[in-house]
Protein chains: 6
Amino acid sequence: MKFSNLFHIKPVYAHCDLPCGVYDPVQAQVEAKSIKAILTKYPDLDDHNKQRAVLIKEERAELVKHHLMVLWADYFKPEHLEKYPQLHDMFWKAIKQASECKHHLEVEEADKLLAQINEIAEIFVETRK
Amino acid sequence: MKFSNLFHIKPVYAHCDLPCGVYDPVQAQVEAKSIKAILTKYPDLDDHNKQRAVLIKEERAELVKHHLMVLWADYFKPEHLEKYPQLHDMFWKAIKQASECKHHLEVEEADKLLAQINEIAEIFVETRK
Amino acid sequence: MKFSNLFHIKPVYAHCDLPCGVYDPVQAQVEAKSIKAILTKYPDLDDHNKQRAVLIKEERAELVKHHLMVLWADYFKPEHLEKYPQLHDMFWKAIKQASECKHHLEVEEADKLLAQINEIAEIFVETRK
Amino acid sequence: MKFSNLFHIKPVYAHCDLPCGVYDPVQAQVEAKSIKAILTKYPDLDDHNKQRAVLIKEERAELVKHHLMVLWADYFKPEHLEKYPQLHDMFWKAIKQASECKHHLEVEEADKLLAQINEIAEIFVETRK
Amino acid sequence: MKFSNLFHIKPVYAHCDLPCGVYDPVQAQVEAKSIKAILTKYPDLDDHNKQRAVLIKEERAELVKHHLMVLWADYFKPEHLEKYPQLHDMFWKAIKQASECKHHLEVEEADKLLAQINEIAEIFVETRK
Amino acid sequence: MKFSNLFHIKPVYAHCDLPCGVYDPVQAQVEAKSIKAILTKYPDLDDHNKQRAVLIKEERAELVKHHLMVLWADYFKPEHLEKYPQLHDMFWKAIKQASECKHHLEVEEADKLLAQINEIAEIFVETRK
């Protein structure tokens, strides 16, 4: 199932810590796509914009980490963990992968990150049914 | 056409100022939905959480304003303005409406904001075709 | 001479979203002048400080964009737009020019930005009379 | 073993994502102690400062969440997880407890949070030996 | 009258830590004026906007503290201290007064803060001659 | 007396502006140690991570400046100044040294900063007895 199909099912979201109940993996996805776009453009940038790319990538990866932590610790409940015991590890690895995107310049790092977020998003969608 | 259908067409996004080319009105929408959820829950909250709701709402509305400015000034180009001369005014009013969501506690304010963002999103989607 | 005389004519300002009513284009101007100063010093900096200059310039330009959005959407009212119909476009272009200051290293980009902010400031002052 | 004794053993730290290698649970502890102090003072504050307390508590709890995520995802490595398989759950619950400190006004919530951070700190110290 | 004439005498500024050399006490003044405006409006606000006023005041006072620290530690040099040995104490008290503006709701607190910043600004202007 | 021994004496802290009463020089120390670690690793990093190091160092130094200002202006009271009249100058120089850590790449700059913070911490500990 392609990710872009996931959101046909029903509107899914949630993210502040009132909590407002609005959570959406799309927040992490948008930032991760931004990282991928930055890394894709990187080789053709001039030196000045290469430097800018590095600092923007750093910021975007930090946002991915934040949005994933919010989903993990604010949205998911013990009953979800029972059904999806791999969740802790999935988030841990995805957040670590966001750090890898800080440390590296290869587009593949962003692809891995996107794939990991998409897997989380699929479980998220399952839990919203 | 309902908004939730808009994103079936094709993935749409863009938002950092490299620019990475990834823009997505969904960022403003998620925050606006959060404001609506906060205002919907508000009457039933205890005093302490009512105070928290006010400060979180303030923060979310600020994010809406930021995300809208990014779309308006970073994504949209002169050729879009030519085709959609109402764009400036639409953004101006939507950003002003985000401020109204700060100033008020009625769910209707969030509904208006969401409607305005959705209209912007429809034009956005048109321009991505 | 007392400092309070420095800002002659009459106090002009406004910027938080209570709204407190204190708005002042000087906030955008200070940041834009900082960008100009950074770009002027840039050629003579060592490599390490050149990198620092790029990241500080990025931050300052972001602040210009923010302060301009606040003036545009929080301070200006429909009656101003009626009298100065060019306002939307002036802000749009000035905010886009702040992005140009992120993308480029030429002092001329900061000069253009400053000129655009000054034009906005003149209208602002007119409206405060 | 009392927590205040933990740091006699050897200096422990680390927290940016270069990574610089400097991590220290004391960052989360300072913020959690601040939450406890705020909640302890809360009943005797006037209404204005009660409101301020709520917003400062919100901010401090967010910092706890951030510092814990950094420790969890940046410092801890697979070999630590193997030795301390309970780590994922400990962090998840501590971060959730930081949210509880946002939602509530009882000092006990801060005590629970501090106890959870201290348990994490003990494992952290073990891994630095 | 052109806006660029408003700031007479000579351009005064400086504030980033490249350093760019652009410093201006007006940054602290704008925020302090905002605090005064907030406190002046406070008694007539409804409960919801009173709560908002408190959080915005908190944020503005924090900005005052930040801008003052920048002036004190980045702009002023040992030769200034020699000529104005009272500078350390003036800044210390002004920053403490910004905290008082957080703790209190009386307009007088903002007046004191403004007076202290203006005294600093006078010395600043002296040193720019 | 070595710094690492200072904290055996008794738990020391304080830092928000409720004020909560929890202040701790360890916050500035952790960031300064991070700067030292970054500068120590710097020569062996690849170009991409050298750029990242510069921006992270910038951020860490800013945090040092912030934490020192908080200690100086929020924690220390007139009676402390009377007993330790050198305090103003110690803080001023330490904050200036944090800026030096932004401007330079030599580990010695971080060492100087750490030494200055440690001297402040010793006085801080004295005042908590």
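Residues numbered from 1 in each chain as written. Chains lettered and ligands numbered in written order. Predicted model: local features only at pLDDT ≥ 70, side-chain atom pairs only at ≥ 80, totals over all residues. Heavy atoms only, no water.

(A) The packing of aromatic side chains, seen in detail. Summed over all chains, the structure comprises 27 aromatic pairs over all chains. Considering the side-chain rings of Y75 of chain C and F76 of chain C, the 4.8 Å spacing of their centres and the 75° angle between planes classify their relative orientation as edge-to-face. Its relative accessible area of 7% is what places Y75 of chain C among the buried residues. Judged by its relative accessible area of 1%, F76 of chain C falls in the buried class. Between Y75 of chain E and F124 of chain E, the aromatic rings sit 4.7 Å apart at their centres with planes inclined by 55°, giving tilted as the arrangement. You can see Y75 of chain E sitting in helix α2 (residues 47-75) and its partner F124 of chain E sitting in helix α5 (residues 107-128), a full 49 residues away along the chain. Residue F124 of chain E is classed as buried on the basis of its relative accessible area of 0%. Here the aromatic cluster, defined as three or more aromatic residues joined through ring pairs, consists of Y23, Y75, F76, F91 and F124 of chain A. The ring centre of Y42 of chain C lies 5.5 Å from the NZ or CZ of K50 of chain C, which sits over that ring. (Phe/Tyr/Trp six-rings, centres within 6.5 Å; stacked < 30°, edge-to-face > 60°. Buried < 20%, exposed > 50% of the residue type's maximum accessible area, 1.4 Å probe, protein only. Helix = DSSP H or I, 4+ residues; strand = E, 2+ residues; numbered from the N terminus. Lys NZ or Arg CZ within 6 Å of the ring centre and 35° of its normal.)

(B) Inspection of the interface of chain C and chain B at higher detail. On the chain B side, the residues contacting the 24 residues of chain C number 24 residues. Around 2,000 Å² of area is buried between chain C and chain B when both sides are counted, 60% of it from carbon and sulfur atoms. Counting the contacts that link chain C with chain B gives six salt bridges. Across the pair D17 of chain C and K65 of chain B runs a salt bridge whose closest N-O atoms are separated by 2.7 Å. Taken together, chain C and chain B are joined by 20 residue pairs in polar contact (both at pLDDT 80 or more). Those elements that provide at least two residues to the side of chain C that touches chain B are α2 (47-75), α3 (78-83) and α4 (87-103) of chain C. (Contact = heavy atoms within 4.5 Å. Buried area = accessible area lost by both parts, 1.4 Å probe. Salt bridge = Lys/Arg side-chain N within 4 Å of Asp/Glu carboxyl O. Polar contact = N/O pair within 3.5 Å; in protein donor to acceptor, adjacent residues only side chain to side chain.)

(C) Molecular detail of the confidence of the model for chain A. All names here are of chain A. In the predicted model, chain A carries a mean pLDDT of 89, and 88% of its residues have values of at least 70. Ranking the elements of chain A by mean pLDDT puts helix α1 (residues 3-6) last with 30 and helix α5 (residues 87-103) first with 98. Within the model, the stretch residues 1-14 combines pLDDT values under 50 with 32 contacts to residues more than four positions away or in other chains. On the interface metric, ipTM, the complex scores 0.87, and its pTM is 0.89. (pLDDT = per-residue confidence, 0-100.)

(D) Main features of the relation of the copies chain C and chain B. Placing chain C over chain B gives an RMSD of 0.0 Å and needs a rotation angle of 180°, together with 0.0 Å of translation along the axis. Taken together, the rotation and translation describe the operation of a two-fold axis. Closest to the rotation axis within chain C is the C-alpha of H88 of chain C, separated from it by 3.1 Å. A high fraction, 100%, of the interface residues of chain C reappear at the interface in chain B, so the copies pair face to face through one surface. (Least-squares fit on C-alpha atoms with pLDDT ≥ 70 in both.)

(E) Local environment of the side chain of H88 of chain E. Residue position: H88 of chain E is located in helix α4 (residues 87-103). Residue classification places H88 of chain E among the buried positions, given a relative accessible area of 7%. Dropping the residues within four chain positions of it, H88 of chain E is found in contact with W72 and L81 of chain E together with W72, H88, D89 and W92 of chain F.

(F) Representation of the environment of S99 of chain A within the structure. By the secondary structure assignment, S99 of chain A is in helix α5. In this structure S99 of chain A comes out as buried when scored by relative accessible area, which is 4%. Once you skip the residues sitting within four places of it in the chain, S99 of chain A turns out to touch K65 of chain A together with D17 and D74 of chain D.

(G) Broad picture of the packing of α4 of chain E against α5 of chain E. Residue and element names in this part refer to chain E. One way to put it is that α4 packs onto α5 with a least axis distance of 9 Å and a crossing angle of 155°. Our classification of the angle between α4 and α5 gives roughly antiparallel. For the pair α4 and α5, the crossing hand works out as left-handed. Across the interface between the two elements, L87, M90, F91, K93, A94, Q97, A98, E100 and C101 from α4 touch E109, A110, K112, L113, Q116, E119, I120 and I123 from α5. (Axes fitted to C-alpha atoms, helices over the stretch in contact; angles between N-to-C directions. Parallel < 35°, antiparallel > 145°, perpendicular 65-115°, else oblique. Left-handed = near helix turned anticlockwise from the far one by under 90°.)

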